[in-house]
Amino acid sequence: MANDCIFCKIAAKEIPSALVYEDDQVAVFNDLEPQAPVHVLIIPKKHVANVLGLKAEKELAGHILGEVVPALVEKLGLKDGFRLVANTGAQGGQTVMHLHFHLLGGRDMAWPPG
Ligand code: AMP
Ligand code: ZN
């Protein structure tokens, strides 16, 4: 666990969250400040700083994108579409430095993002 990492603490259940899905590698919970009717965060339980850290975690990357996301689309009723976002680094708007994919849905999405 990385020191003082809020998402490591959520993964370890030291901080409570509204868990939507969990397995041995991943936790998924509702965002505290939802930006859409469905807004969950998909995090690895292991501390990975951002998507670039997946270069060394290809099995985890495949698990998240190939298994967890499709399972959540089914479970959360997002078959008509959704947005999957990984804000990365300061310029990308990442505020929590533990990899998380925002999965947003339940409304029409606009483009470009802010
Ligand atoms: P980002 O700006 O992409 O790094 O996203 C961080 C997200 O984490 C924001 O959407 C916050 O609302 C969310 N967040 C921060 N702390 C918590 C928490 N304790 N439980 C759930 N979501 C959180
Ligand atoms: Zn962490």
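Small disclaimer: the values here were computed from a predicted structure and weren't measured. (Residues numbered from 1 in each chain as written. Chains lettered and ligands numbered in written order. Predicted model: local features only at pLDDT ≥ 70, side-chain atom pairs only at ≥ 80, totals over all residues. Heavy atoms only, no water.)

A. Expanded view of unusual backbone geometry. The linkage connecting Trp 111 with the following residue, Pro 112, adopts the cis geometry, with an omega of 5°. Residue placement: Pro 112 occurs in the segment after strand E5 (101-105). The phi angle at Lys 13 is positive, at roughly 65°, despite the residue not being glycine. Accessibility expressed as a relative area gives 51% for Lys 13, which makes it exposed. (Helix = DSSP H or I, 4+ residues; strand = E, 2+ residues; numbered from the N terminus. Buried < 20%, exposed > 50% of the residue type's maximum accessible area, 1.4 Å probe, protein only.)

B. Region of the structure containing the environment of Asp 4. Along the chain, the position of Asp 4 falls in the segment before helix H1 (6-11). For Asp 4 and Pro 37, which are 33 residues apart along the polypeptide, the C-alpha to C-alpha distance reads 30 Å. Reaching out from Asp 4, the side chain makes a polar contact with the side chain of Lys 9 at a distance of 3.4 Å. (Polar contact = N/O pair within 3.5 Å; in protein donor to acceptor, adjacent residues only side chain to side chain.)

C. Quick look at the side chain of His 100. With respect to the secondary-structure elements, His 100 resides in the loop between strand E4 (83-85) and E5. A distance of 2.7 Å separates the side chain of His 100 from the backbone oxygen of His 98, its partner in a polar contact. For His 100, the contacting residues outside a window of four places in its chain are Phe 7, Leu 41, Ile 42, Ile 43, Val 85, Ala 86 and Gln 94. (Contact = heavy atoms within 4.5 Å.)

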